[in-house]
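Breakdown of the fold
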Number of protein chains: 2
Amino acid sequence: MENSLGSFLSRIRNSKGWSLRHVESQTGISNSYLCQIENDQIREPSLQKLLKLSELYEISYPELLKQAGYPIREPNAHTDVASRSIPQLENLSSEEQEALVDYLTFLRSRGRRRR
Amino acid sequence: MENSLGSFLSRIRNSKGWSLRHVESQTGISNSYLCQIENDQIREPSLQKLLKLSELYEISYPELLKQAGYPIREPNAHTDVASRSIPQLENLSSEEQEALVDYLTFLRSRGRRRR
DNA sequence: GTCGAGTGCTTGACATCTTTAGCAATGCTT
DNA sequence: AAGCATTGCTAAAGATGTCAAGCACTCGAC
């Protein structure tokens, strides 16, 4: 559940502050179906759906396929760049960057671990 | 008909002199289903099936996906590289990643707007 | 000839994907 | 508080993938 496709997509959508119906209006994917995907009730959504989501969410399509557990054979798809990628933290506004950096500084200053 | 996925797969199988049931024994794909694929009665076989066929037939998997009309796309440069250049937000621990994503979700949920 | 094995193919049943209609809960506006 | 919009979510139905069983045909061995 932690690393599932559903929670992955859910985190991204929520991090962007978008509702299920907003994503539906942009992608044509019904909000109910999107909900089922995010709750891991759909094992294998079609590639067309995943492509549309990757475009709207501005995340790497092959990376999303990987998250979905689909077999992909990209000759040189390797880890060095991808491993540092945090899709949820992409495309930040300048205000958000500042807020996050401040928050990270705060986190590290108190040296606490997560709940 | 001529350039369809079905005729494409059928041509390869016949050129190798293999029966439907031989391919079934090697891939686990039922001969009846394979027959339907070759006769274009199946629009979108699963990636697992296509992968097995590409392995047995010794053809390129991405090439086969292309033949099947699946969307295949290389990673987009702007989503992969540009948005990641926030030096303070690199090399995060997993706890920090999660905390930041949660915090960002919180930030954006307060300013949620729809268009 | 006929018998058995092998061939491509069809049918019916089941599983999964995908949508439409609608629900309860929350929030906003007056 | 009342009323309306929006949220995530579910149930039922339709469309499609997938398989097991079985069909009709061919062909070689006896």
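First, a word on scope: everything that follows refers to the structure included in this document. From a predicted model like this one, the values you see are computed outputs, not experimental measurements. (Residues numbered from 1 in each chain as written. Chains lettered and ligands numbered in written order. Predicted model: local features only at pLDDT ≥ 70, side-chain atom pairs only at ≥ 80, totals over all residues. Heavy atoms only, no water.)

1. Here we look at the environment of K52 of chain A
Residue and element names in this part refer to chain A. Along the chain, K52 turns up in helix α4 (residues 47-57). With relative accessibility at 43%, the residue K52 sits in the partly exposed group. For the pair K52 and V23, spaced 29 residues apart in sequence, the C-alpha separation works out to 9.9 Å. If sequence neighbours within four positions are ignored, K52 has contacts with T27 and I29. (Helix = DSSP H or I, 4+ residues; strand = E, 2+ residues; numbered from the N terminus. Buried < 20%, exposed > 50% of the residue type's maximum accessible area, 1.4 Å probe, protein only. Contact = heavy atoms within 4.5 Å.)

2. Points about the packing of aromatic side chains
All names here are of chain A. Applying the stated criterion to the full structure yields two aromatic pairs over all chains. Pairing W18 with Y57 gives two aromatic rings, centres 6.2 Å apart and planes at 40°, and the pair type is tilted. Placement of W18 in the loop between α1 (5-15) and α2 (20-27) and of Y57 in helix α4 is noted, with a sequence separation of 39 residues between them. (Phe/Tyr/Trp six-rings, centres within 6.5 Å; stacked < 30°, edge-to-face > 60°.)

3. Structural notes on the side chain of T27 of chain B
All names here are of chain B. Looking at the secondary structure, you find T27 in helix α2 (residues 20-27). We classify T27 as buried; its relative accessible area is 6%. In terms of polar contacts, T27 uses its side chain to reach the backbone amide nitrogen of I29, at 3.2 Å. When residues no more than four places from it in sequence are discounted, the contact partners of T27 are K52, L53 and L56. (Polar contact = N/O pair within 3.5 Å; in protein donor to acceptor, adjacent residues only side chain to side chain.)

4. Section: the protein's contact with DNA strand C
Around DNA strand C, the surrounding shell holds 21 residues, and the nearest of these are S32, Y33 and E44 of chain A together with R13 and N31 of chain B. When the atoms of DNA strand C within 4 Å of the protein are sorted by group, sugar and phosphate make up 59%. S19 of chain B has a polar side-chain atom sitting 3.2 Å from a phosphate oxygen of DNA strand C. A distance of 2.6 Å separates a base nitrogen of DNA strand C from a polar side-chain atom of N31 of chain B. Those elements that provide at least two residues to the surface near DNA strand C are α3 (31-38) of chain A together with α2 and α3 (31-38) of chain B. Grouping the constituent residues of the surface near DNA strand C by class yields five nonpolar, 10 polar and six charged. (Near = heavy atom within 4 Å. Nonpolar A, V, L, I, M, F, W, Y, C, P; charged D, E, K, R; others polar.)

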